[in-house]
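Examination of the molecular architecture
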Amino acid sequence: MNIRKMKSLVTFLAIISYFNFQCNGQSKMLTVAEKSEFKSTANYNDVMTFIDQLKKSSKFIRVETIAKSVEGREVPLMIIGNPLPKSPEQMSKDSRIVIYVQANIHAGEVEGKEALLMFARDLLFGKNPEYLKSVVFLLCPNFNPDGNEQISPTNRTYQNGPVNGVGVRHNGQMLDLNRDGMKAESPEVRGVISNVFNKWDPAVFMDCHTTNGSYHVEPVTFTWMVNPNGDNSLIRYMRDRMIPEMSGNLLKKYNVENCYYGEFNDMLKPENGWFYDASDPRYMSNYFGLRNRLGILNENYVYADYESRVKGCYRLIYSLADFVVSHGSEIRNMLRETDRKTVQRGLNASIADSFAIEYKVRSAPEKVTIKTFEAEMITDPNGRRRLQKTDRQKTVTVPYFIDFYGSKYVRLPFAYLIKTHDPEIIRLLKTHGISLEELNTNSKIDIESFEISELKGSARLNQGHYTNTIHGRFVKESMEFPAGTLVVRMAQPLANLAAYLLEPQSNDGLMTWNFFDRYLVPQWGMGYNQYPVFKVIEKADLKTVRLPPAQ
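Residues numbered from 1 in each chain as written. Predicted model: local features only at pLDDT ≥ 70, side-chain atom pairs only at ≥ 80, totals over all residues. Heavy atoms only, no water.

1. Considering the packing of aromatic side chains
All told, the structure shown has 28 aromatic pairs when counted by the stated rule. Grouping aromatic residues by their ring pairs yields a cluster made of Phe 119, Tyr 131, Phe 137, Tyr 254, Tyr 314 and Tyr 318. The positively charged end of Lys 389 is found above the aromatic ring belonging to Phe 373, 4.2 Å away from the centroid. In this structure, Lys 535 packs its charged tip against the face of Phe 474, placed 4.4 Å from the ring centre. (Phe/Tyr/Trp six-rings, centres within 6.5 Å; stacked < 30°, edge-to-face > 60°. Lys NZ or Arg CZ within 6 Å of the ring centre and 35° of its normal.)

See below:
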């Protein structure tokens, strides 16, 4: 056989092999959960091998690395599209919406990991290619690979499967990655901010978890971003339209019972209400909301069987995709308008533009229905009083306490000025994608400074920090600022995030997480130094030069 015929035969066999896989690949390529009949979950090598099989079998998937963990494991990102975008920059001229779904941030909460692998396979080789005409999917099934490698049946023993055990909550630094959104001390969170949020700018993000709370029937729960310092029109859109439609679709189309995520404050009196209290942006879905994008928290019910949790999560991802396909233009236009409004607010700062330094919660306009169980108080063999679920099911329709609103405010400025040229602070602001400038000449500027009256660290370590609480007052004055002073203008899409990081009384900013500690107290004597961030309240002609973004 001559060389030309040999090449033709090889090409023909490759084509046959490809089409055989297209027809049969889905049935041959099973996840660890599926192969074990939902008794086991995938380790790091299982995940990477499965992704590699997908990559070799389809031209519509590319795999990138979000980060490398402290123990040296890659955090994989599957990019799936038809056509596959060559670069994120290409998406600016693409009509498709980018969705990012992430799982296993807490590696004991594993069903999202298995569901995402199943979803990626079925998206590539299933019978419904319509999704890829409207959406580019970014999928990360194993965000915490170091925690995942500690799979053991002794972890989360109260959880209903898998029997081979699950990983641990923390990463290789003993950090809870879902408390790292603002301080970004872990390579995983720095990586997702830099290589997903900044690079791809997804319109929608869903973070997959497992519950630890109240008893109910529904295997899938989920809810929307809630921090009131984000754009409230986006919160209302999710509360009133997106999440209700997804919930109804999940039940009617996919036959998965579900409810919004929350807990009963009192299982003995569930009629008092269903509560959600994780409002800070250290939680990744709320962090995403500060970026003017749509964040969803998925919490699968810990006491449902493992198979139901995995399949429920899998179908929730499809329900999300259904909504985005149906409302893509609406979402794109809404987010574009939100960015425009944020920039315009920064250009024309007014007294009405404010930042909530304290907030409260009230019930959402609509009540929620939860299929719960009656509970009773018992005394265990150790003499401790605790709640125990009974088999008596009870359906309640109750207020859903999730609408967070500001109760104490400070005014948002035209710009922030930062006198310290601290490389860690600059690095962190750049990592978040915040646009930085420097004064290019010495300038006398009217500002508000913050005089500290009390600074108190927490009594107990939190993620390696004695987090700060600060009290004081703003003082108007005119001050000289040298050339090189950092400038953060509020006329940028990430202005809400910048304010949350830089406001002294923010509950999740640089002050909270000790980034400014060394600048606050004099070496000798009493009292405090000025907080090193100053607010230019009124519009000013600041002479600046732009700093390059993070590389």
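2. Things to note about the sheet that holds strand S9 (residues 274–275)
In any sheet, the strands associate via hydrogen bonds between backbone groups, in a parallel or an antiparallel arrangement. A sheet is described by the order of its strands in space; here 4 strands give the open sequence S8-S9-S14-S11, paired in mixed fashion. Where the open sheet ends on each side, the last strands, each with one partner, are strand S8 (263–264) and strand S11 (354–363). (Pairing = 2+ DSSP bridges. Helix = DSSP H or I, 4+ residues; strand = E, 2+ residues; numbered from the N terminus.)

3. What about helix H3 (residues 44–57)?
The end-to-end C-alpha separation of H3 is 20 Å, in line with the 20 Å expected for 14 residues at 1.5 Å each. Regarding H3, the residues found buried are Tyr 44, Val 47, Phe 50, Ile 51, Leu 54 and Ser 57. The N-terminus of H3 is capped by Asn 43, whose side-chain oxygen sits 3.1 Å from the backbone nitrogen of Asn 45. (Expected span 1.5 Å × (residues − 1). Buried < 20%, exposed > 50% of the residue type's maximum accessible area, 1.4 Å probe, protein only. Polar contact = N/O pair within 3.5 Å; in protein donor to acceptor, adjacent residues only side chain to side chain.)

4. Points about the nonpolar core
Most often, soluble globular proteins keep nonpolar side chains buried together rather than apart. The biggest cluster of nonpolar side chains holds 156 residues, and the ones touching the most others in it are Tyr 100, Phe 137, Phe 197, Met 242, Leu 294, Ile 296 and Leu 320. Beyond its immediate sequence surroundings of up to four residues, Tyr 100 is in contact with Ile 66, Leu 77, Leu 138, Cys 140, Phe 143, Val 192, Val 196, Phe 197, Pro 202, Val 204, Phe 205 and Met 206. Phe 414, Phe 481, Val 536 and Leu 542 belong to the second largest nonpolar core, which has 12 residues in total. (Core = buried A, V, L, I, M, F, W, Y, C linked by side-chain atoms within 4.5 Å. Contact = heavy atoms within 4.5 Å.)

5. What to know about the pairing of strand S5 (residues 204–210)
Counting buried positions along S5 yields 7 of 7 residues, so the element is predominantly enclosed. A two-sided burial pattern is seen for S5, the buried positions comprising Val 204, Met 206, Cys 208 and Thr 210 on one face and Phe 205, Asp 207 and His 209 on the other. By the bridge criterion, 7 bridges tie S5 to strand S10 (residues 294–300) in an arrangement that is parallel. Within the sheet, the bridge partner assigned to Phe 205 lies in S10 and is Gly 295.

6. Quick look at unusual backbone geometry
Looking along the chain, the bond that leaves Asn 82 and enters Pro 83 is cis, with omega of 5°. Look at the link from Gly 161 to Pro 162: it is a cis peptide, with omega at 5°. One non-glycine residue, Phe 38, lies in the positive phi region at around 60°. Assessed through its relative accessible area of 13%, Phe 38 is described here as buried.

7. Some remarks on helix H8 (residues 232–252)
Between its first and last C-alpha, H8 extends 29 Å over 21 residues, near the 30 Å set by a 1.5 Å rise per residue. In the structure, H8 departs most strongly from a straight axis at Met 238, where the bend amounts to approximately 45°. The set of residues buried in H8 consists of Leu 234, Ile 235, Tyr 237, Met 238, Arg 239, Met 242, Ile 243, Met 246, Ser 247 and Leu 250. Residues of H8 that are buried sit in contact with S5, strand S6 (220–224), strand S7 (258–260), S10, helix H10 (306–347) and strand S14 (400–411). (Bend = angle between axes of the 7 residues up to and from the residue.)

8. Some words on the pattern of salt bridges
Enumeration over the complete set of coordinates arrives at 41 salt bridges. Among the salt bridges present, the one from Lys 55 reaches Asp 52, with a minimum N-O distance of 3.8 Å. Pair noted here: Lys 55 and Asp 52 are both in helix H3, with a separation of 3 residues, about one helical turn. Its relative accessible area of 27% is what places Asp 52 among the partly exposed residues. (Salt bridge = Lys/Arg side-chain N within 4 Å of Asp/Glu carboxyl O.)

9. With respect to the packing of H3 against helix H4 (residues 111–125)
H4 packs onto H3 with a crossing angle of 10° between their chain directions and a minimal axis gap of 11 Å. Here H4 runs roughly parallel to H3, going by the angle between their axes. Side by side, H3 and H4 meet where Val 47, Phe 50, Ile 51, Leu 54 and Ser 57 of the first sit next to Lys 113, Leu 117, Ala 120, Arg 121, Leu 124 and Phe 125 of the second. Counted by class, the contact of H3 with H4 contains 8 nonpolar, 1 polar and 2 charged residues. (Axes fitted to C-alpha atoms, helices over the stretch in contact; angles between N-to-C directions. Parallel < 35°, antiparallel > 145°, perpendicular 65-115°, else oblique. Nonpolar A, V, L, I, M, F, W, Y, C, P; charged D, E, K, R; others polar.)

10. Considerations on the sheet that holds strand S4 (residues 135–140)
Spatially, S1-S2-S4-S3-S5-S10-S6-S7 is the arrangement adopted by the 8 strands of the open sheet, whose pairing is mixed. Bordering the open sheet on either side are strand S1 (61–68) and S7, each of which pairs with just one other strand. Averaged over all neighbouring strand pairs, the angle between strand axes comes to 20°, with direction disregarded. Across 5 bridges, the pairing between S6 and S10 is antiparallel. Within the sheet, the bridge partner assigned to Val 220 lies in S10 and is Asn 300. Where H4 meets the sheet, it contacts S1, strand S2 (74–80), strand S3 (97–103), S4, S5 and S10, and its direction lies at approximately 145° from that of S4. Running over the sheet, H8 touches S5, S6, S7 and S10 and is turned about 160° from S6.

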